[in-house]
Amino acid sequence: MKVLFYGTPFCHLCDEAEALLRSLPVMVEYIDIAEDDAALERYETRIPVVRRVDTDAELGWPFDRQALADFLAGTDPA
């Protein structure tokens with residue numbers, strides 16, 4: 001599965017979210033919203049955000065590893 005990860009450099013919350021993503025078996029494409037006008041407009045105050053390419057579902061911060069794994073599996077967090 002491929003996911004898009006929206007963030008910016010020097011965002012400590014983005015660093016935390018990226019570490020969680022790297023701990024799971026998923027292909028991640030990082031999108032720096034500062035370099036993408038449409039992404040900046042959409043996510044400016046919401047980063048970090050993870051979006052599933054297959055469903056366009058989004059998961060915004062805050063989330064933990066279990067919530068992220070549930071999101072990626074397509075199940076609702078408990």
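Refer to the preceding data block for the structure.
Residues numbered from 1 in each chain as written. Predicted model: local features only at pLDDT ≥ 70, side-chain atom pairs only at ≥ 80, totals over all residues. Heavy atoms only, no water.

A. Region of interest: the side chain of D32. Relative to the helices and strands, D32 is located in strand β2 (residues 27–32). This buried residue, D32, is left without a salt bridge; R22 holds the nearest opposite charge, at 13 Å. Within the structure, D32 has its side chain in polar contact with the backbone nitrogen of A34 (distance 2.9 Å). In this structure, D32 is in contact with G7, T8 and P9, ignoring residues within four places of it in sequence. (Helix = DSSP H or I, 4+ residues; strand = E, 2+ residues; numbered from the N terminus. Buried < 20%, exposed > 50% of the residue type's maximum accessible area, 1.4 Å probe, protein only. Lys, Arg positive; Asp, Glu negative; His and termini not counted. Salt bridge = Lys/Arg side-chain N within 4 Å of Asp/Glu carboxyl O. Polar contact = N/O pair within 3.5 Å; in protein donor to acceptor, adjacent residues only side chain to side chain. Contact = heavy atoms within 4.5 Å.)

B. Spotlight on the sheet that holds strand β1 (residues 2–7). Ordered in space as β2-β1-β3-β4, the 4 strands form an open sheet in which the pairing is mixed. Two strands lie at the open edges of the sheet, namely β2 and β4 (58–60), each paired on one side alone. Sheet twist, expressed as the mean angle between neighbouring strand axes with direction ignored, is 20 degrees. Note that β1 and β2 share 6 bridges and pair parallel. Bridge assignment links Y6 to a residue of β2, and that residue is I31. Each of β1, β2 and β3 (49–52) touches helix α1 (residues 12–22); the most contacted strand, β1, lies at about 165 degrees to it. (Pairing = 2+ DSSP bridges. Axes fitted to C-alpha atoms, helices over the stretch in contact; angles between N-to-C directions.)

So far we have only geometry, and geometry alone does not tell us how the molecule works.
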